[in-house]
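# Notes for the structure review
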Amino acid sequence: MINIENVTKVYQNGFEALKNVNLKIEKNGIYILKGVSGSGKSTLLNLLAGFDKPTTGKIELLGEFISKLPEHHMSKFRLQNIGFIFQSFNLFSELSIYENLQIPLIPLNLNTKLEKELIETLIHKYNLSDKQHQITKKLSGGEQQRVAIMRALINNPKIILADEPTANLDFNNKMIFLEMIDSFKKDKIIFISTHDDIFNDIVDVKIFNINGGIIC
Amino acid sequence: MINFAFKLLLNEKKKNIPLTFIFIIIVFLISSLIILTNSLNKITQLQLENQPDITIFNQKAGRNYPILTDIKDEISNIYGIKNIHERVYGFYKPNFHNLDMLIIGFEPFGINVDKNIEKIVTDVNLSSFLEKPSMIISHGLYEIFLQYSTFGYIDSFNFFLEDSTKFKLHINGIIDKNLDIVSDRLVLTNIEYAKKILGYHDSEATDISIDVSNIDEIDTIILKLKDKFPNFLIIKKSDLKDSFKELYSFKSGLLFAISLLLLSTFLLLTIFKSTSMDIKSIKEIAILKAIGWSINDILKLKLTEASIIAIFSFLTGFLSAILYLKYLHGAFLIDIFTNSININSNIKIQIFLDKFTFFSLFFLFVFSFILINIIIAYKSATTNIKEILN
Ligand SMILES: Nc1ncnc2c1ncn2[C@@H]1O[C@H](COP(=O)(O)OP(=O)(O)OP(=O)(O)O)[C@@H](O)[C@H]1O
Ligand SMILES: [Mg+2]
């Protein structure tokens, strides 16, 4: 559950990037935040991920008011409940697929067997088993994005946030991306910011439009 | 965590290998310098301990002349004197090889003032030593003798006396290479023969050494001695200590300056390396935060990384310093910091290493490095990550 109430964000230079945003998501599924460049999409996503705090207003995720959460609690909350997908993937490019997927698990101190099982199931599910020990900088953009998605999924979070995840992908890889998110939309809230029209055609999505920091 | 830290370090070979290398070199240099001074201090201290409380020389215009031994009777009348010895030692130049041999006379059945000599002498078979005029020589000298012998074997050596006659001493023993002695051009022989070789009369010696019963009375005794022998040079052990100290405090000042210089280089490099924390490491930290690592987790990772580099470099540098001092005997360095008057540079210096030195160096290097790295990591782990990742 995501509940955004009267949220504004004023940057240090005085620019008001979000103006009294209200938004409520109660069911699992895919949600699209659409808007032109500079409309405030990333600003909102950063608030949802807890990378930044709103100037005024409240943000509630899964019953937790994260807009008030101190940093050390926020990181724990993020580890357990939020998976974040970036436009530029942000993988550890010198490490293998397998190693990249290990990283979110390190703070959890799982035993090796359980860890291996988690990672291999996921790699298998998204058809990268034969490349699991290849370093990620040698993968194609589409494959890298798949790894980034798997990394967001590895801790089985309830919420997936993605900031323009398809901007660096070609058409084929965009389709693969859609297939992937489709595979886990039933038990997660997937919140995607984009100006990509490809999301218009999929069924079952709710689209919010944002313009000049206002949801309309 | 440790695994991950290793992987990250290995991924940054270009950055980490030069860093580790510089770290090792600096640890090596500073450790060598410090262990070396410690050892030299210890050695001089040990040598001083072997010195008598008071030494009397017949010195005129800066030169030492033989002293007449009959003043011993006069000295023994002074109250508070424990024992008096005549000592005979000096340099002998043979007519070949540019070489100074240090001749030291000892009393086969008497008490020898120098504890090192005492130790060597007790190991010698005295009866065979007394059968014919004999000497014990240092290993280094033995090797030189061998070079000049035609048969590759030598059992005696001819000294030329003042009247141009030859005087033959048999080699009765060779001092163990590893023994800590003042010179490796050393000849130990009966005091009687030493006098002969050095051109002394029977009633002459190099100096007269005195031990007192009560060290508090030493100044009164010295006053009395000066009164009795106004022309002689009378040296107190503590004066000797002071002059040694003076010599070393100058040297250790220099040493201190160099260590400080090296150390500041080290710190500057560390700080420089860390503050110029490249975009890549900043981004790394931001990614970790974004996927749910807490600041603590990130600091733990950075701590592990820094510890791996610091401990590895420190141990490597420190061990190489010890190996260098032990097996190369501190070549080059020792020449800078010692004066051949005190320590014959042909001699191996004995390495004294205490826990305190080890741990101080360890804390100095490892902790400062880790600390600086952690502070910098903390700074980037607490800055806002949203700009870095988009
Ligand atoms: N740190 C900041 N300080 C001041 N202004 C900012 C800051 N970050 C973003 N802005 C401004 O806020 C507005 C919204 O930015 P935001 O990044 O949320 O837009 P966006 O919708 O994600 O755009 P894009 O599609 O280009 O990514 C922009 O006008 C931007 O210039
Ligand atoms: Mg954006």
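That block above? That's the structure.
Only a predicted model underlies this, so the values are computations on that prediction, with no experimental measurement involved.

### Observations concerning the overall build of chain B
Of regular secondary structure, chain B possesses 14 helices and 13 strands. Pairs at least 24 residues apart make up 81% of the contacts formed inside chain B by residues separated by at least 6 positions. Here chain B displays about 20,400 Å² of accessible surface, and carbon together with sulfur accounts for 60% of that area.

### Things to note about the overall build of chain A
Assigned secondary structure in chain A consists of six helices and ten strands. Based on the C-alpha atoms only, the size of chain A along its principal axes is roughly 50 × 40 × 35 Å. Counting only residues that meet the buried cut, chain A has 56% of its 216 residues in that class. Intrachain contacts of chain A at a sequence separation of at least 6 include 70% that bridge at least 24 residues. Looking at chain A as shown, the accessible area adds up to about 9,700 Å², and 49% of this sits on carbon and sulfur atoms.

### Re the interface of chain A and chain B
Taken residue by residue, the interface counts 23 residues in chain A and 23 residues in chain B. Of the roughly 2,100 Å² buried between chain A and chain B, counting both surfaces, carbon and sulfur atoms make up 63%. The largest per-residue losses of area from chain A upon contact with chain B belong to Phe51(A), Phe92(A) and Ile106(A), which jointly make up 23% of the total buried on that side. For the pair chain A and chain B, the number of links is one salt bridge. Here Glu99(A) and Lys7(B) are joined by a salt bridge, their closest N and O atoms 3.3 Å apart. The tally of links from chain A across to chain B stands at four residue pairs in polar contact (both at pLDDT 80 or more). Taken together, the elements giving at least two residues each to the side of chain A that touches chain B come down to α2 (71-81) and α3 (97-102) of chain A. Here the side of chain A that touches chain B is composed, by residue class, of eleven nonpolar, five polar and seven charged.

### Regarding the pairing of strand β3 (residues 29-34) of chain A
Residues and elements named next belong to chain A. Of all six residues in β3, six are buried; the element is thus mostly enclosed. Burial along β3 is two-sided: Gly29, Tyr31 and Leu33 and Ile30, Ile32 and Lys34, pointing in opposite directions, are all buried. With six bridges connecting them, β3 and strand β8 (residues 189-194) associate as parallel partners. From the neighbouring strand, Ile32 faces β8, where its bridge partner is Ile192. Inspection of the sheet shows β3 paired to strand β9 (residues 205-211) by five bridges, in the parallel sense. For Leu33, the partnering residue across the bridge sits in β9 and is Phe208.

### Quick look at a nonpolar patch on the surface
Residues and elements named next belong to chain B. A contiguous nonpolar patch, built from Phe359, Phe363 and Phe367 and spanning about 320 Å² of accessible area, is present on the exposed surface. Positionally, Phe359 belongs in helix α13 (residues 355-382). Residue Phe359 is classed as partly exposed on the basis of its relative accessible area, which comes to 40%.

### Some details on the site of ligand 1
The environment of ligand 1 is made up of 14 residues, and the closest members are Ser37(A), Gly38(A), Lys41(A), Ser42(A) and Thr43(A). More than one chain lines the surroundings of ligand 1; the residues nearby belong to chains A and B. Take Gly40(A): an N or O atom from its main chain is 3.0 Å from an oxygen atom of ligand 1. Within the side chain of Ser42(A), an N or O atom sits 2.7 Å from an oxygen atom of ligand 1. About the coverage of ligand 1: the protein hides 67% of its 630 Å² of free accessible area. At three residues, the largest contribution of residues to the shell around ligand 1 is made by helix α1 (residues 41-48) of chain A. Considered class by class, the residues forming the shell around ligand 1 number four nonpolar, seven polar and three charged.

Conventions used here
- Residues numbered from 1 in each chain as written.
- Chains lettered and ligands numbered in written order.
- Predicted model: local features only at pLDDT ≥ 70, side-chain atom pairs only at ≥ 80, totals over all residues.
- Heavy atoms only, no water.
- Helix = DSSP H or I, 4+ residues; strand = E, 2+ residues; numbered from the N terminus.
- Contact = heavy atoms within 4.5 Å.
- Areas by Shrake-Rupley, 256 points an atom, 1.4 Å probe, with all protein chains shown as cover.
- Buried < 20%, exposed > 50% of the residue type's maximum accessible area, 1.4 Å probe, protein only.
- Buried area = accessible area lost by both parts, 1.4 Å probe.
- Salt bridge = Lys/Arg side-chain N within 4 Å of Asp/Glu carboxyl O.
- Polar contact = N/O pair within 3.5 Å; in protein donor to acceptor, adjacent residues only side chain to side chain.
- Nonpolar A, V, L, I, M, F, W, Y, C, P; charged D, E, K, R; others polar.
- Pairing = 2+ DSSP bridges.
- Patch = residues over 30% accessible without salt bridge, like charges linked within 9 Å, V, L, I, M, F, W, Y side chains within 5 Å.
- Near = heavy atom within 4 Å.

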